[in-house]
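Remarks on the overall topology
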Amino acid sequence: MQYIGGDTKLQDMINKLVPGLTESESKRKNEFYANRGLSVPLNGNSSRPITPNSQDSEPGKFPPDDGRTWFHTNDVKISLCIEPVKKEPLIPQMPMKYIRCSMKLKVEHLTKFIKQKTLIPEDLELTCNKKTLSADVTLENIWLETWKRKEAPMNLFYNKKK
């Protein structure tokens, strides 16, 4: 999101329509950081977590986690529709049919997640486009090779291993 710049003309128009907006926003921002004991960032596009120790830490290293920082990953997300195979009526449905997760997720972890949510004790196999998926394949590989970059959500079906 760093490549998106602010619209200065629109900001100027808003500042003329709402007098004192910039001052009140900067005051609220300063109060927010002061209440949490953090230093106010110089620019809003800082990619490093802002903590009282962030000026003292070495470049390229994160300061120790004090419970007040949030780390955001830049993983590409994928939307999935996960359903049981229709010809197996005894397999329970997942409580949430649609999920959004990282494309780096492996099938192995997704099957473990499905087993936890459906309480199925047996081993499961996932299929996409009627092809059984290997446990060590990532969702990105499935999306590129099996799903062939169709529109979201990517449909996956689970079944008990035979």
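Residues numbered from 1 in each chain as written. Predicted model: local features only at pLDDT ≥ 70, side-chain atom pairs only at ≥ 80, totals over all residues. Heavy atoms only, no water.

What follows deals with the overall build of the chain. Secondary structure summary: the chain contains 4 helices and 5 strands in total. Element order for the chain, N to C, with α for helix and β for strand: α-α-β-β-α-β-β-α-β. Counting the 162 residues in the chain, one finds 27% classified as buried. A sequence separation of at least 24 residues applies to 53% of the contacts in the chain between residues at least 6 apart. Of the roughly 12,300 Å² of accessible surface on the chain, a fraction of 54% belongs to carbon and sulfur atoms. (Helix = DSSP H or I, 4+ residues; strand = E, 2+ residues; numbered from the N terminus. Buried < 20%, exposed > 50% of the residue type's maximum accessible area, 1.4 Å probe, protein only. Contact = heavy atoms within 4.5 Å. Areas by Shrake-Rupley, 256 points an atom, 1.4 Å probe, with all protein chains shown as cover.)

Our next topic: unusual backbone geometry. Here the phi dihedral of L119 falls at roughly 60°; this positive angle occurs in a residue that is not glycine. Among the secondary structure elements, L119 is positioned in the loop between α3 (107-118) and β3 (124-128). Given a relative accessible area of 71%, L119 falls into the exposed group.

Next up on the list: the environment of P92. Within the fold, P92 resides in the loop between β1 (77-84) and β2 (98-102). With relative accessibility at 32%, the residue P92 sits in the partly exposed group. Put simply, P92 and N159 are 67 residues apart on the chain and 10.0 Å apart in space, counted from C-alpha to C-alpha.

Once that is clear, we can look at the confidence of the model for the chain. Residue-level pLDDT values for the chain average 77, and 75% of them are 70 or greater. Considering only residues more than four positions removed or in separate chains, one finds that residues 45-57, a stretch of pLDDT under 50, has 26 contacts. (pLDDT = per-residue confidence, 0-100.)

Looking now at a nonpolar patch on the surface. The grouping of L10, M13, I14, L17 and V18 at the surface amounts to a nonpolar patch, some 480 Å² of accessible area in total. Relative to the helices and strands, V18 is located in the loop between α1 (8-17) and α2 (21-35). By relative accessible area, V18 is classed as partly exposed at 39%. (Patch = residues over 30% accessible without salt bridge, like charges linked within 9 Å, V, L, I, M, F, W, Y side chains within 5 Å. Salt bridge = Lys/Arg side-chain N within 4 Å of Asp/Glu carboxyl O.)

Pairing is mixed in the open sheet, where 5 strands are placed in the order β2-β1-β5-β3-β4. A strand with exactly one partner marks an edge of an open sheet, and here the two such strands are β2 and β4 (131-132). Note that β1 and β2 share 5 bridges and pair antiparallel. What sits directly across from L80, in β2, is I99. Here α3 sits on the sheet and contacts β1, β2, β3 and β5 (154-160); the angle it forms with β3, its principal contact strand, is near 120°. The strands that helix α4 (residues 139-146) touches are β1, β2, β3, β4 and β5; relative to β5, the one it contacts most, it runs at about 110°. (Pairing = 2+ DSSP bridges. Axes fitted to C-alpha atoms, helices over the stretch in contact; angles between N-to-C directions.)

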